[in-house]
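# Structural overview for review
The residues making up each chain are set out below.
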Amino acid sequence: MDAIESGIVKIPRLPVSDTTGRPEPKYFALWRHICDNLQPGEKLPGGKPKPDVVWREAEDALATLMGQWKERFEYFEEAAPGQERVPPVMIVVCDNTDIASVFAKNISGEETVEVPSQDADDVEEEEGPRRKRGGKAKTKTVYGTGKLFGEYFSNAEGRLATLRIDSKLLAKAESEDPRGSRSDAAEQLREIVSTVGKVGKPGEQVRCVVSVQMLSEGWDANNVTHILGLRAFGSQLLCEQVIGRGLRRMDYTVDPETGCLTEEYVDVYGVPFSIVPFKGRKTGTPTPVDRPKNHVHAMDERRHFEIRFPVVEGFAFALKSNFIRADVGSMEPVTIEPNRTPTAVFVKPQVGHQTGSPKLGGFEALPQDRREFYASTHLQTIQFEIARRVVWSLTEGVAGRTPKLKLRSRHQLFPQVYRLVEEYVSRKVNWNGEDRRELGLETYVQRIVERFIDAIEPDESQGEPPLLPILNRYKPIGSTGEVNFKTTRSCCGTQKSHVNQVVLDTATWEQSAAFRLEQSDHVAF
């Protein structure tokens, strides 16, 4: 807002009224207007409009915007010799790649078509080496005239006036050129985008950019003069990002008569951007009075009154070595069950018709087991994972249960829980002759975790544990010396304080507290 009002960036111009008489002009929230007026058969399965419908409903807005672009373009064409003649650029921000494809084709007149097999021999060599009969169909690029202002925006061999850039097209560029590397093709496309508006660069003569989420990053083109939004803008931030693509000024020469920069504008359709978003303000509410502000700050001459304080992010109970307890001997054991959870299996080729369950016999059956799993897993790792899940469940809770040890420090709980798990595994697991690493299967891990959640209790034999603060790791200590802000709220002055004024957020509390502290003998000069 400050940059726009100061004139150091372009000023966005948005629709505010039109011939329809609607309170909200169609071109202000174009995507919402299109979606709200869809007829049966005009929606895709996900509910979004079909690309051809979007073109149909937005063509009038595009034609209007292009007319404004043409006027701006003619100003640049009239530039005197020696002045920059880089054309202005229009951006069309689309919702998806299918819509972008339709708009790029209709604006540029360029499209990719398949070459009939009988004409395959006539395809120029640049289309790549001929494929064998029955392979992927050949394609070639054909150029026509765009449907709107074709003389300005149509592409031709060696002339790129309209550029489409999206993830799908970028992937195609990375894999299409048979003579160059895929990364070279992608880099060439990226270079064109990044040099839009730069004299002597590949993107100098680009006049329209059709984009899908590829311009939300930093982009320093300064000749963007028109923007058309054809997607949902669900947040003010997204509106700011899109409009920000057109705010960079083209000229920073100060007008000698006024001492200010001359006005530059970017026309924006379809992006419901609010310069000053008064969220929640009711219609007719008067604008707040611009009252003078009070400067609240620390006074250097009162450094002896400085107060230093901890910056606390939260609290945790201080734990002792026996803070939790569990009677492992009374806990229900876990049994490894190879009869229910197979530890090995035979497989064989299945050929011909067979009824009933698969049977051995016929082709050779091959055994498959979990030896590779065992080789990659250690029993200690399994115990660590069980202990981690137990600690998490005790401090954060599981579905339908209140955490038993909420606000406890997990790093102090874990070693205690791990010792209990280790004892349980050595005493209460019936292995049935199977490998001990079978315990790492989810079916067994979950059973043990549930048993520990029920068995572990706080050990309060030494009294209630103290509650300790958790300090901010980046700034553990704050100071009154850092106080420095302005406020329109009422304030009262101080004498026995490092800060010059007290902000009166309530009717009496702050004044009363300040009076008592000023009066108290415990606060001394």
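Use the structure listed above.
Residues numbered from 1 in each chain as written. Predicted model: local features only at pLDDT ≥ 70, side-chain atom pairs only at ≥ 80, totals over all residues. Heavy atoms only, no water.

This brings us to the overall build of the chain. Within the chain one finds 13 helices and 22 strands. Summarising the internal contacts of the chain: among those between residues at least 6 apart in sequence, 73% fall at separations of at least 24. Accessible surface computed for the chain: about 32,500 Å², of which carbon and sulfur atoms make up 50%. (Helix = DSSP H or I, 4+ residues; strand = E, 2+ residues; numbered from the N terminus. Contact = heavy atoms within 4.5 Å. Areas by Shrake-Rupley, 256 points an atom, 1.4 Å probe, with all protein chains shown as cover.)

Time to look at the packing of helix α10 (residues 379-396) against helix α12 (residues 442-455). When two helices pack together, their arrangement is captured by the angle between the axes and the distance separating the axes. Put simply, α10 and α12 touch, their axes get as near as 9 Å, and they point 45° apart. Relative to α12, the element α10 lies oblique. Like other packed secondary-structure pairs, α10 and α12 cross with a definite hand, here right-handed. In contact with Ile386, Arg389, Val390, Ser393 and Leu394 of α10, α12 contributes Glu442, Val445, Ile448, Val449, Phe452 and Ile453. Taken together, the residues of the contact of α10 with α12 break down into eight nonpolar, one polar and two charged. (Axes fitted to C-alpha atoms, helices over the stretch in contact; angles between N-to-C directions. Parallel < 35°, antiparallel > 145°, perpendicular 65-115°, else oblique. Left-handed = near helix turned anticlockwise from the far one by under 90°. Nonpolar A, V, L, I, M, F, W, Y, C, P; charged D, E, K, R; others polar.)

Mapped onto the elements, His226 comes out in strand β7 (residues 224-230). When sequence neighbours within four positions are dropped, the list of residues in contact with His226 reads Leu65, Gln68, Trp69, Arg72, Val89, Met90, Ile91, Val266 and Asp267.

This part takes up the packing of α10 against helix α11 (residues 410-428). Contact pair α10 / α11: the axes reach a minimum separation of 8 Å and the direction vectors enclose 130°. Here α10 lies oblique to α11, going by the angle between them. For the element pair α10 and α11, the recorded crossing hand is right-handed. Each of Leu379, Gln380, Gln383, Phe384, Ile386, Ala387, Arg388, Val390, Val391, Trp392, Thr395 and Glu396 in α10 lies in contact with α11, whose residues at this interface are Arg410, Leu413, Phe414, Val417, Tyr418, Val421, Glu422 and Val425. Classifying every residue of the contact of α10 with α11 by side-chain character gives 13 nonpolar, three polar and four charged.

We now examine the sheet that holds β7. If you walk across this open sheet you meet the six strands as β1-β8-β7-β2-β6-β5, and the pairing is parallel. Two strands in the sheet have a free side with no partner beyond their single neighbour: β1 (11-13) and β5 (162-165). Taken pair by pair, the neighbouring strands of this sheet meet at an average axis angle of 20°, ignoring direction. In this structure, strand β2 (residues 89-94) lies alongside strand β6 (residues 208-211), joined through four bridges in parallel fashion. What sits directly across from Val92, in β6, is Val210. Along the sheet face, helix α4 (residues 97-108) touches β2, β5, β6 and β7 and points at about 170° away from the line of β5. (Pairing = 2+ DSSP bridges.)

Within this model, the second largest pocket holds a volume of roughly 500 Å³. As for the second largest pocket, its lining consists of 23 residues, of which Ile307, Ser497, Val499, Val502 and Leu517 are closest to the centre. Counting residues per element, the lining of the second largest pocket draws most heavily on helix α13 (residues 509-519), at six residues. Residue classes in the lining of the second largest pocket are distributed as 14 nonpolar, six polar and three charged. (1 Å grid on protein atoms, 1.4 Å probe; cavity = no way out; pocket = protein on both sides within 12 Å on 5 of 7 lines; lining within 4 Å. Points joined across faces, edges and corners; volume = space filled by probe spheres on them.)

With that settled, consider α10. Between its first and last C-alpha, α10 extends 26 Å over 18 residues, near the 26 Å set by a 1.5 Å rise per residue. Along α10, the residues that are buried comprise Ile382, Gln383, Ile386, Ala387, Val390, Val391, Ser393, Leu394 and Thr395. Following α10 by one or two positions, Gly397 has its phi on the positive side, about 90°. (Expected span 1.5 Å × (residues − 1). Buried < 20%, exposed > 50% of the residue type's maximum accessible area, 1.4 Å probe, protein only.)

Let's shift gears to the packing of aromatic side chains. Within the structure shown, the criterion is met by 10 aromatic pairs. A centroid spacing of 5.2 Å and a plane angle of 25° characterise the contact between Tyr27 and Tyr269, whose relative ring orientation is stacked. Of this pair, Tyr27 sits in the loop between β1 and α2 (30-36) while Tyr269 sits in strand β8 (residues 265-269), and the two are 242 residues apart along the sequence. The buried category is assigned to Tyr27, whose relative accessible area is 16%. Owing to a relative accessible area of 12%, Tyr269 belongs among the buried residues under this scheme. An aromatic cluster is defined as three or more aromatic residues linked by ring pairs; in this entry it consists of Trp69, Phe73, Tyr152 and Phe153. Stacked on the ring of Tyr265, the Lys or Arg Arg13 has its end atom at 4.3 Å from the ring centre. (Phe/Tyr/Trp six-rings, centres within 6.5 Å; stacked < 30°, edge-to-face > 60°. Lys NZ or Arg CZ within 6 Å of the ring centre and 35° of its normal.)

For the rest of this paragraph, the subject is the nonpolar core. The tendency in soluble globular proteins is for nonpolar side chains to be buried side by side. Counting residues in each nonpolar core, the largest one holds 33 residues, and the members touching the most others are Leu62, Val92, Phe103, Ile107, Val210, Leu228 and Leu230. Secondary-structure elements contributing two or more residues to this core are α2, α3 (51-77), β2, α4, α5 (150-153), β6 and β7. If you tally residues by element for this core, the top one is α3, at 10 residues. If we skip the residues at most four places from it in the chain, Val92 touches Leu62, Phe103, Ile107, Cys208, Val209, Val210, Ser211, Leu228 and Leu230. In this structure, Ala387, Leu405, Leu420 and Val425 belong to the second largest nonpolar core, which totals 31 residues. (Core = buried A, V, L, I, M, F, W, Y, C linked by side-chain atoms within 4.5 Å.)

Glancing now at the pattern of salt bridges. Pairs may arise between side chains of opposite charge once their charged atoms sit close together. What the rule picks out here adds up to 17 salt bridges. With a shortest N-O distance of 3.6 Å, Arg249 and Glu264 are connected by a salt bridge. Note that Arg249 is positioned in the loop between α8 (236-244) and β8 and Glu264 in the loop between α8 and β8, a separation of 15 residues in sequence. With a relative accessible area of 13%, Glu264 lands in the buried category. Glu385 is the partner of Arg388 in a salt bridge, and the nearest nitrogen-oxygen pair spans 2.8 Å. Residue Arg388 and its partner Glu385 are both found in helix α10; the two are separated by three residues, about one turn of the helix. When salt bridges with common partners are traced through the structure, they connect Arg13, Arg72 and Asp267 into a single cluster. (Salt bridge = Lys/Arg side-chain N within 4 Å of Asp/Glu carboxyl O.)

The next thing to look at is the environment of Leu228. When you line up the elements, Leu228 lands in strand β7. Overall, Leu228 belongs to the buried group, its relative accessible area being 0%. Between the alpha carbons of Leu228 and Val210 there is a distance of 9.5 Å; along the sequence they are 18 residues apart.

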